[in-house]
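If you want the building blocks of each chain, they are given just below.
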Amino acid sequence: MQRLTMPSPLRATTLALVIGASLAASACAKRSDFPSLARRPAERAYGSAQPVAAPTPDAQAPLPADASIVARVAALTEQARKADAKFEARRASAERAVAAARGAAVGSDAWSVAQIALADLDSARSEGMVAMADLDRMLVAAAQAAVDGPRGDLDAIAPAHAQVDDLMRKELATLDSLRGRIGG
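Just so you know, these numbers come straight off a predicted model, no measurement behind them.

About the thresholds
Position labels on residues start from 1 in each chain and follow its written sequence. Per-residue local features of the predicted model are confined to residues with pLDDT of at least 70, and side-chain atom pairs are confined, for both listing and counting, to 80 or more; whole-chain, interface and lining totals are unaffected and use all residues. Think of the side-chain values as coming from all heavy atoms in the structure, minus any hydrogens and water. Put simply, DSSP H or I for four residues or longer makes a helix, DSSP E for two residues or longer makes a strand, and each gets a number counted from the N terminus. Note on exposure labels: buried denotes an accessible area under 20% of the residue type's maximum, exposed denotes more than 50%, and partly exposed covers the range between, all computed with a 1.4 Å probe on protein chains only. All tallies of charge rest on Lys and Arg as positive and Asp and Glu as negative; His and the ends of each chain are not included. The working definition used for a salt bridge is a side-chain nitrogen of Lys or Arg within 4 Å of a carboxyl oxygen of Asp or Glu. By the convention used here, residues are in contact when the closest approach between their heavy atoms is within 4.5 Å. We call two N or O atoms a polar contact when they sit within 3.5 Å, provided that within protein one can donate a hydrogen and the other can accept it, with sequence-adjacent residues counted only if both atoms are side-chain atoms.

1. Topic: the side chain of arginine 125
Argument step 1. Looking at the element boundaries, arginine 125 is found in helix H4 (residues 109-148).
Argument step 2. We note that arginine 125 is buried and unpaired, the nearest opposite charge coming from glutamate 171 at a distance of 4.2 Å.
Argument step 3. Each residue touching arginine 125, except ones within four places of it in the same chain, is listed here: Phe87, Met168, Glu171, Leu172 and Leu175.

This is how it looks when you write it as structure tokens:
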């Protein structure tokens, strides 16, 4: 085999080109193996964002209550008022029966008449308690909905609930007072 010899300056230039191309190729290969450490646009955004302020409740216009809720609350309030009127109409009779039974023996006629009058009062109160129970249920549902949503239904129910609750507490205090006047 015959060996080809190149003149030395040409050989050095060729060797330099081969080595240079080899280094350039290896530099490109190395660069693709590892990501750049330069800042990326997403990294520039970190730390520069401002927190979004939560909307204040006053900034939101209150939504009105559902019309069916308003109608149901009005009907329940009226039911409680009618029951209270019935209670008040029967109260005088119950007070007279309790006064007549004062000091009477348990099981006597006067005591029995007083117990019947108290049961009659309690029956009138129970009609109001049915309305109160419905308002309780509606109030709880509206309060849960108002946590993340509009308060219109809650604002419509709460005052009626408080009004009927006052009536029921007053009636209960009357019944407890009358029961305390007679024994058994």
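Moving on, there is more to tell.
2. Regarding the side chain of threonine 77
Argument step 1. Relative to the helices and strands, threonine 77 resides in helix H3 (residues 67-101).
Argument step 2. By relative accessible area, threonine 77 is classed as buried at 7%.
Argument step 3. Among the polar contacts made by the side chain of threonine 77, one reaches the main-chain carbonyl oxygen of valine 73 at a distance of 2.8 Å.
Argument step 4. Dropping the residues within four chain positions of it, threonine 77 is found in contact with Ala160, Gln163 and Val164.

3. A look at the pattern of salt bridges
Argument step 1. For the coordinates displayed, the defined rule picks out 11 salt bridges.
Argument step 2. Here aspartate 84 makes a salt bridge to lysine 170, at a shortest N to O gap of 3.3 Å. Of the two residues, aspartate 84 sits in helix H3 while lysine 170 sits in helix H5 (residues 152-181), which places them 86 residues apart along the sequence.
Argument step 3. Residue classification places aspartate 84 among the buried positions, given a relative accessible area of 11%.

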